[in-house]
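Remarks on the overall topology
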Amino acid sequence: MLDHDAALVLFSGGQDSATCLAWALERYTRVETVGFDYRQRHAIELEVRHSFRESIAHLHNHWGNRLGVDHRIDARSLADISQTAMTETVAFRTGSDGLPNTFVPGRNLLFLTYAAAIAYRRGIRTLVTGVCETDFSGYPDCRDDTLKAMQVALNLGMDCRFVVETPLMWIDKAGTWAMAHDLGGDKLVDLILEKTHTCYAGDRDHRHPWGYGCGTCQACELRARGWDAWQQAVHQ
């Protein structure tokens, strides 16, 4: 039997998954997290995620009571077969197929499969992931159709009734900042600024109004544009 009041959040340590973790903590009485080591170029995200988890547990008493164990999966073999700018130190560019070379084929599909296997063992019904079709960099495994198809496949393949939740699917980065503020106010926004990592280059040396990063990769540009748009809306 799967617990309908439990959720497993795919938590990378980035802005999107951090917001989704807060979203889940507000809605479910038991929330666990899972992170993946796939030899990502920005492996710093695996380090900051622990600090973020510890800090978010203190924002609200009920969040701390609900936050459960963290799982870390070794998926480093993905780097051996992907050959992308996310796993190798090469220049960021757009390929002839129109996709950025930061696209890791099959990554989200693999991650959801691992997550479902953990959820099956832990008796968790809901999987929460921060994929988004609005600001999704063109990645096909972030589309709503892909996630719906994965939910069907997981349910059939494991003979369960998992629910894959995608709280950010139809909002942009400005909306993600706004959601974080709605969930946890200035304290959660400050926590995301200081203790999450999005930059593909893994830069933690440069601090911007929107957080840490190189400021030039696609992830930094999306995060910065979203911050500026949200700040503009707040101060209108």
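Predicted model only: the values in this text are computed from it and were never measured.

The rules behind these values
Residues numbered from 1 in each chain as written. Predicted model: local features only at pLDDT ≥ 70, side-chain atom pairs only at ≥ 80, totals over all residues. Heavy atoms only, no water. Helix = DSSP H or I, 4+ residues; strand = E, 2+ residues; numbered from the N terminus. Contact = heavy atoms within 4.5 Å. Phe/Tyr/Trp six-rings, centres within 6.5 Å; stacked < 30°, edge-to-face > 60°. Lys NZ or Arg CZ within 6 Å of the ring centre and 35° of its normal. UniProt positions renumbered as here; feature names shortened; annotations may be inferred. Buried < 20%, exposed > 50% of the residue type's maximum accessible area, 1.4 Å probe, protein only. Expected span 1.5 Å × (residues − 1). Disulfide = S-S within 2.5 Å.

Once that is clear, we can look at the environment of V189. Mapped onto the elements, V189 comes out in helix 7 (residues 173-195). Sequence spacing of V189 and M179 is 10 residues, and the spatial spacing of their C-alpha atoms is 9.6 Å. Sequence-distant contacts of V189, defined by excluding residues within four places in its chain, comprise W177, A180, H181, W227 and W230.

Another aspect to go through is the packing of aromatic side chains. Per the stated rule, a full pass over the model turns up nine aromatic pairs. Judged by centre distance (6.4 Å) and plane angle (15°), the rings of W177 and W230 are stacked. Highlighted residues: W177 in helix 7 and W230 in helix 8 (residues 218-234), separated in sequence by 53 residues. Each residue in the set F36, Y38, F111 and Y114 is aromatic and connected to the rest through ring pairs, giving one cluster. A cation sits over an aromatic face here: R207 above Y212, 5.7 Å from the ring centre.

UniProt's entry tags C199, C214, C217 and C220 with the feature "binding site: Zn(2+)" (unreviewed entry), counted in the numbering of this structure. Despite a sequence span of 22 residues, these residues sit close together in the fold, their greatest C-alpha distance being 6.9 Å. Relative to the helices and strands, C199 is located in the loop between helix 7 and strand 6 (207-208). Judged by its relative accessible area of 0%, C199 falls in the buried class. If we ignore the near neighbours within four places in the chain, the residues touching C199 are H42, Y212, G213, C214, C217, A219 and C220. Along the chain, the position of C220 falls in helix 8.

On to helix 5 (residues 107-122), then. Along an α-helix, residues three or four apart share an orientation, since each turn contains 3.6 residues. Taking 1.5 Å of rise per residue, 16 residues should cover 22 Å, and helix 5 covers 22 Å from first to last C-alpha, within 8% of that figure. Backbone geometry just after helix 5 places G123 at a positive phi near 70°.

Under the counting rule described, the total for this entry stands at zero disulfides. With no disulfide partner, C142 has as its closest neighbouring cysteine sulfur the one in C132, 7.9 Å distant. A relative accessible area of 8% places C142 in the buried class. The cysteine C217 is free of any disulfide, with C220 supplying the nearest cysteine sulfur at 3.6 Å. Owing to a relative accessible area of 3%, C217 belongs among the buried residues under this scheme.

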